[in-house]
Amino acid sequence: SETAGLWLIYLAQSGQNTQFRQAYQQTVMNFENDGLLMYQVQTGNRQQSKMNATLDDLRVIRSLGLYAVKTHNDHYQIKAIQRFADLKRKVGRHGQLRDFYDTQFHQVSSLTSMAYYDLLTMREYETKSIFDGQLQLIQKGYLGSQLPLYAANYNWTRRQYSTSPLNTSEALLTLLHLAEVKHLKESSLRWLAHQVTNSTLYN
């Protein structure tokens, strides 16, 4: 579903309307389970995984909104609104989205990964007060000026941010999402530019 979401965003942005509609239908057929998109499907027996990945759902929702705006098609905007409502119903707790919902055990993740918060999409479909709280969850995970990145996740059971090593691709996603809503810290941008210039952006 990660691939599907990224591909749908590309198709919507590039105006490939017929391909977008076909790819969206295929995505739903392959991955959908009770309003969520399971994160993978086995190609042999077509068996779906038992859980979604919230970022992947948000990307598909983003693609629907993009397509609706570019084609002036309210039908797809309604689809985006409904998908976001379904996502919140499953993974939303107290105004915050969690990483996944397990459809087998009917349990929601205890984690919110910072990289999973596609803020631009969330801002479009959340109320301002709830979105502000979601943004603050990321901002409070800031690690400081020496390493101006963000904790990997917040654990709702322990009520604390992760101190685990960071995965660079996920850390960069968090910066990207902050940049898209104009909340990227200058210190983070400088750090990133320095690492790229010096070829030290390690995994």
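This one's a predicted model, so the numbers in the text were calculated from it and none came from an experiment. (Residues numbered from 1 in each chain as written. Predicted model: local features only at pLDDT ≥ 70, side-chain atom pairs only at ≥ 80, totals over all residues. Heavy atoms only, no water.)

Colleague: Where do I start with the overall build of the protein chain in this structure?
Modeller: What the protein chain contains, in helices and strands, is eight helices and nine strands. Its C-alpha atoms give the protein chain a radius of gyration of 17 Å, within 12% of the compact-globule value 17 Å for 203 residues. For the protein chain, the spread of C-alpha atoms along the three principal axes comes to 45 × 40 × 40 Å. For the protein chain, with 203 residues in total, the buried portion stands at 45%. Once local pairs closer than 6 in sequence are excluded, the contacts in the protein chain between residues at least 24 apart make up 56%. Summed over all atoms, the accessible surface of the protein chain reaches about 11100 Å², with 50% contributed by carbon and sulfur. Side-chain charges of the protein chain comprise 21 positive and 16 negative groups, with the mean position of each set lying 2 Å from the other. (Helix = DSSP H or I, 4+ residues; strand = E, 2+ residues; numbered from the N terminus. Rg over C-alpha atoms; globule rule 2.2 N^0.38 Å. Buried < 20%, exposed > 50% of the residue type's maximum accessible area, 1.4 Å probe, protein only. Contact = heavy atoms within 4.5 Å. Areas by Shrake-Rupley, 256 points an atom, 1.4 Å probe, with all protein chains shown as cover. Lys, Arg positive; Asp, Glu negative; His and termini not counted. Charge placed at Lys NZ, Arg CZ, Asp CG, Glu CD.)

Colleague: Looking at this model, I keep getting lost on the packing of helix α2 (residues 17-31) against helix α4 (residues 74-91). Mind explaining?
Modeller: Two packed helices can be described by the angle between their axes and the distance between those axes. Remark: α2 packs on α4, axes separated minimally by 14 Å, with the N-to-C direction vectors making an angle of 30°. On the basis of their axis angle, the class for α2 and α4 is roughly parallel. Handedness of the α2/α4 crossing: left-handed. Contacts between α2 and α4 involve F20, R21, Y24 and V28 from the former and Y76, K79 and R83 from the latter. Here the contact of α2 with α4 is composed, by residue class, of four nonpolar, no polar and three charged. (Axes fitted to C-alpha atoms, helices over the stretch in contact; angles between N-to-C directions. Parallel < 35°, antiparallel > 145°, perpendicular 65-115°, else oblique. Left-handed = near helix turned anticlockwise from the far one by under 90°. Nonpolar A, V, L, I, M, F, W, Y, C, P; charged D, E, K, R; others polar.)

Colleague: In this structure, what is going on with helix α3 (residues 54-71)? I would like to understand it.
Modeller: An α-helical segment advances 3.6 residues per turn. Residues three or four places apart therefore align on the same side. Relative to the 26 Å expected for 18 residues at 1.5 Å per residue, α3 spans 26 Å between its end C-alpha atoms, a close match to the ideal helical length. Of all 18 residues in α3, 14 are buried; the element is thus mostly enclosed. (Expected span 1.5 Å × (residues − 1).)

Colleague: So what exactly am I meant to see when it comes to the packing of aromatic side chains here?
Modeller: The description of an aromatic ring pair uses the distance of the two centres, along with the angle that the planes make with each other. Taken as a whole, this structure holds 10 aromatic pairs when the rule is applied. A centroid spacing of 4.5 Å and a plane angle of 10° characterise the contact between F20 and Y67, whose relative ring orientation is stacked. Residue F20 is located in helix α2, and its partner Y67 is located in helix α3; the two are separated by 47 residues in the primary sequence. Residue F20 shares its accessibility class with Y67, and that shared class is buried. Taking the centre distance of 6.2 Å and the plane angle of 65° together, the rings of F20 and Y76 count as edge-to-face. Here F20, found in helix α2, pairs with Y76, found in helix α4; they are 56 residues apart in sequence, far enough to count as distant. Among the aromatic side chains, those forming a connected cluster through ring pairs are F20, Y24, Y67 and Y76. Directly above the ring of Y142 sits K185, whose terminal nitrogen or CZ lies 4.7 Å from the centroid. (Phe/Tyr/Trp six-rings, centres within 6.5 Å; stacked < 30°, edge-to-face > 60°. Lys NZ or Arg CZ within 6 Å of the ring centre and 35° of its normal.)

Colleague: So what exactly am I meant to see when it comes to the sheet that holds strand β8 (residues 153-155) here?
Modeller: Read from one edge of the open sheet, three strands run β7-β8-β9, paired in antiparallel fashion. Every other strand in the sheet has two partners, leaving β7 (111-113) and β9 (160-161) as the edge strands with one partner each. Bridge count for β8 against β9 is two bridges, and the pairing is antiparallel. Pairing of Y154 across the sheet is with Y161, part of β9. (Pairing = 2+ DSSP bridges.)

Colleague: Whenever I open this one, the environment of S187 confuses me. Can you help?
Modeller: Position of S187 relative to the elements: it lies in helix α8 (residues 186-197). As for S187 and P148, which are separated by 39 residues in sequence, their C-alpha atoms are 6.2 Å apart. When sequence neighbours within four positions are dropped, the list of residues in contact with S187 reads Y142 and P148.

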